[in-house]
Amino acid sequence: MNNNTPLTCSEALKLYSGKSISKMILFITGIALGLYLFIVLYVLLMNGLDNGSANSDDMLATIMAIVSNIFLALEGGIITTLLSQMTYEKENPGGKLFRSVKGGYDTYIKMRVGNLITAIVVIFLFLGIICAINAVFPILMYGTATCISMLFFLLLNIGICTLLSMIPNGAIRGGISVIVSDIIGLIGIMSVLITSGRLGWIQIAAGAAAIVLIPISFKLMINNYKEKRWNS
Amino acid sequence: MKNVIEIKGITKKYKNFKLGEIQAEIPCGFATALIGANGAGKTTLIDILCGVTSKSGGEAVYFGDMSDIDNDKLRNRIGYCSSADFFPLDWTLKTIANSMELGFDNFDRKHFAELCKRFKLGDPTEKKQKKLVKLSDGNKMRTYLAAVLARDTELLVLDEPASSLDPLARDMLCDIFREYLNERDGERSVLFSTHNIADMEFATDYAIYMSNGKVIEQGFVEDLKQKYILVHGDAENGEKAKPFMLSFAGGHTSFEGIALAENCDMLREYDTVVETPTLQQLSVGILRKAEEDE
């Protein structure tokens, strides 16, 4: 490909990660769904084995639903954390190559935009599929409401994790991001459980905050990275 | 003489290290070695020249009239490669080809496949491929070289390309440099850093010596070999010869060191043997002198 056309966001993401936006979305959604369903199935089987001794059907369903809800929060948090933590530092493998490619920092920005699009689409897809599965095989407590609540809170989490990605120390950044993401995810779940499945102002507030925070945090992160970490 | 890069007072400040001010010229059409001990500032300088690290001050002029390293036209003319983990470790030859094609306008996939074959790395089009993490350090370096050589560039900048290569591969690297330069005689140049000077002597036309963040000597190897002499003699004459020598290493029976050629006649009076130094001997002498001066 010998042309001088600037890269698209998808091409920039492919340059950095080896995967275009569509492939990355399918890859991460696939892994997330596979892992989630594996855990749900595992818990179901474990409870099924104990069923004869103590657990009644109602109790089993309740345990199942609680575990499914909590794991949905944790996994959603981890997905958004991972995607927002792909910062490609100079010291890491490939870091120097990425600083020498055409477009330089513009290509980096496009890659981060590609990453952001991926994160948003993955959340929609992941929760949408879980919601659809829940409609056929009820695995979640207050399934549809939980998925909608999680959607708003995970979008908010993208904004917060983007802000947290400005922490220079990788270990601290990763640790704090995972903890914060899990807390946000659990708030998303708990807010539905407490209101017995009714969506209210807290979800609207989370969604509104996400709409404001995502572009602001992205702009702040891009300026901060250029100044402090791109080629310092 | 045309220069491919003119370095004018480049500086870089870190907490514990300061580079520069660097004044140096990299001649066009030749292979230039950046020689120095670990921590001398070679990698920092190369990273600055290739836009990987920002500079604190000064400027570099490339190809006579280009100075903005963020300009894509300039980036496309420079083939840069670092020695440590230049590509992510989960990449394969195929991923590398895909990314290089996106990252540079002048990457030739077919040429990459040919180079991979020549370096015995395999076929980038094959379905099953090894990830970089599973390759030896030498094969990783070969992969980096294949990727950077598959681009149609005018200046090759390589950071420690020989450090992880075995002697045969180093010899091949020297041949590659020659081929690269001869392909477009006088138009292409190579800049590489090394501390394996002996193995890279055949490939070096011009040398820039760095110590503690500064350039301490530079010139064509043939000129440097005329400027400096290798002196050795019996230990009993060592103390007399020492004041005229730049570097001195003495034992119970003999001594050896580097001196300026202008002191040749004086040193011969102390029953010394004067020879033309190899690049390795020259480098040891110059770097040892710099270390003593610090």
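This one's a predicted model, so the numbers in the text were calculated from it and none came from an experiment. (Residues numbered from 1 in each chain as written. Chains lettered and ligands numbered in written order. Predicted model: local features only at pLDDT ≥ 70, side-chain atom pairs only at ≥ 80, totals over all residues. Heavy atoms only, no water.)

1. As for the sheet that holds strand β10 (residues 228–234) of chain B
All names here are of chain B.
Link 1 in the chain: Within the open sheet, the 4 strands sit side by side as β11-β12-β10-β13. Their pairing is antiparallel. Sheet topology places β11 (245–250) and β13 (273–275) at the edges, where each strand pairs with a single neighbour. Along the sheet, successive strands turn relative to each other by an average axial angle of 20°, direction set aside.
Link 2 in the chain: As paired strands, β11 and strand β12 (residues 254–260) are joined by 5 bridges and run antiparallel to one another. Paired with S247 across the two strands is I258, which belongs to β12. (Pairing = 2+ DSSP bridges. Helix = DSSP H or I, 4+ residues; strand = E, 2+ residues; numbered from the N terminus. Axes fitted to C-alpha atoms, helices over the stretch in contact; angles between N-to-C directions.)

2. Let's talk about empty space enclosed by the protein
Link 1 in the chain: Within the structure shown, the criterion is met by 3 cavities of 30 Å³ or more.
Link 2 in the chain: Here the largest cavity is characterised by a volume of approximately 80 Å³.
Link 3 in the chain: Contributing to the lining of the largest cavity are L83, S84, R112, N115, L116, A119, I158, T162, F218 and M221 of chain A.
Link 4 in the chain: Element by element, the count of residues in the lining of the largest cavity is highest for helix α5 (residues 105–136) of chain A, at 4 residues.
Link 5 in the chain: Along the lines of polarity and charge, the residues of the lining of the largest cavity split into 6 nonpolar, 3 polar and 1 charged.
Link 6 in the chain: Each pocket or cavity is described by its volume, and for the second largest cavity that value is around 60 Å³.
Link 7 in the chain: Lining the second largest cavity, in full, are S100 of chain A together with C50, I69, R75, I78, Y80, F104 and R151 of chain B.
Link 8 in the chain: Grouping the amino acids of the lining of the second largest cavity by side-chain chemistry returns 5 nonpolar, 1 polar and 2 charged. (1 Å grid on protein atoms, 1.4 Å probe; cavity = no way out; pocket = protein on both sides within 12 Å on 5 of 7 lines; lining within 4 Å. Points joined across faces, edges and corners; volume = space filled by probe spheres on them. Nonpolar A, V, L, I, M, F, W, Y, C, P; charged D, E, K, R; others polar.)

3. Section: the packing of aromatic side chains
Residue and element names in this part refer to chain A.
Link 1 in the chain: Here the structure, examined in full by the defined rule, presents 24 aromatic pairs over all chains.
Link 2 in the chain: A centroid spacing of 6.0 Å and a plane angle of 20° characterise the contact between Y36 and F71, whose relative ring orientation is stacked. Of the two residues, Y36 sits in helix α2 (residues 21–50) while F71 sits in helix α3 (residues 57–84), which places them 35 residues apart along the sequence.
Link 3 in the chain: Under the relative-accessibility criterion, F71 is labelled buried at 18%. (Phe/Tyr/Trp six-rings, centres within 6.5 Å; stacked < 30°, edge-to-face > 60°. Buried < 20%, exposed > 50% of the residue type's maximum accessible area, 1.4 Å probe, protein only.)

4. Examining the nonpolar core
Link 1 in the chain: Ranked by internal contacts, the top residues of the largest apolar core, which has 144 residues, are L49, Y62, F87 and F112 of chain B.
Link 2 in the chain: No other element matches α5 of chain A, which puts 10 residues into this core.
Link 3 in the chain: Both domains that meet at this core, namely domain 1 (3–212) and domain 2 (224–293) of chain B, each give it at least three residues.
Link 4 in the chain: Filtering out sequence-adjacent residues up to four positions away, Y62 of chain B remains in contact with V4, I5, I48, L49, S67, I69, L74 and I78 of chain B.
Link 5 in the chain: Core analysis: the second largest hydrophobic core is formed by 10 residues, M245, F255, C264 and V274 of chain B among them. (Core = buried A, V, L, I, M, F, W, Y, C linked by side-chain atoms within 4.5 Å. Domains from an automatic or database assignment. Contact = heavy atoms within 4.5 Å.)

5. Overview of the domain arrangement of chain B
Residue and element names in this part refer to chain B.
Link 1 in the chain: Partitioning chain B into domains gives domain 1 (3–212) and domain 2 (224–293).
Link 2 in the chain: Put simply, the middle of domain 1 and the middle of domain 2, counted by C-alpha atoms, are 34 Å apart.
Link 3 in the chain: Residue-level contacts link 11 residues of domain 1 with 10 residues of domain 2.
Link 4 in the chain: Contact with domain 2 buries area across many residues of domain 1, yet I197, E201 and Y209 alone supply 64% of it, more than any other trio.
Link 5 in the chain: Where domain 1 touches domain 2, the interface holds 1 salt bridge.
Link 6 in the chain: One salt bridge in this structure joins K225 and E201, with 3.2 Å as the shortest N-O distance.
Link 7 in the chain: Our count for the domain 1 to domain 2 interface comes out at 4 residue pairs in polar contact (both at pLDDT 80 or more).
Link 8 in the chain: When residues of the side of domain 1 that touches domain 2 are traced back to their parent elements, those giving at least two are β3 (31–36), α7 (197–200) and β8 (206–211).
Link 9 in the chain: With 4 residues, the single largest contributor to the side of domain 1 that touches domain 2 is β8.
Link 10 in the chain: The residue inventory of the side of domain 1 that touches domain 2, partitioned by class, reads 7 nonpolar, 3 polar and 1 charged. (Buried area = accessible area lost by both parts, 1.4 Å probe. Salt bridge = Lys/Arg side-chain N within 4 Å of Asp/Glu carboxyl O. Polar contact = N/O pair within 3.5 Å; in protein donor to acceptor, adjacent residues only side chain to side chain.)

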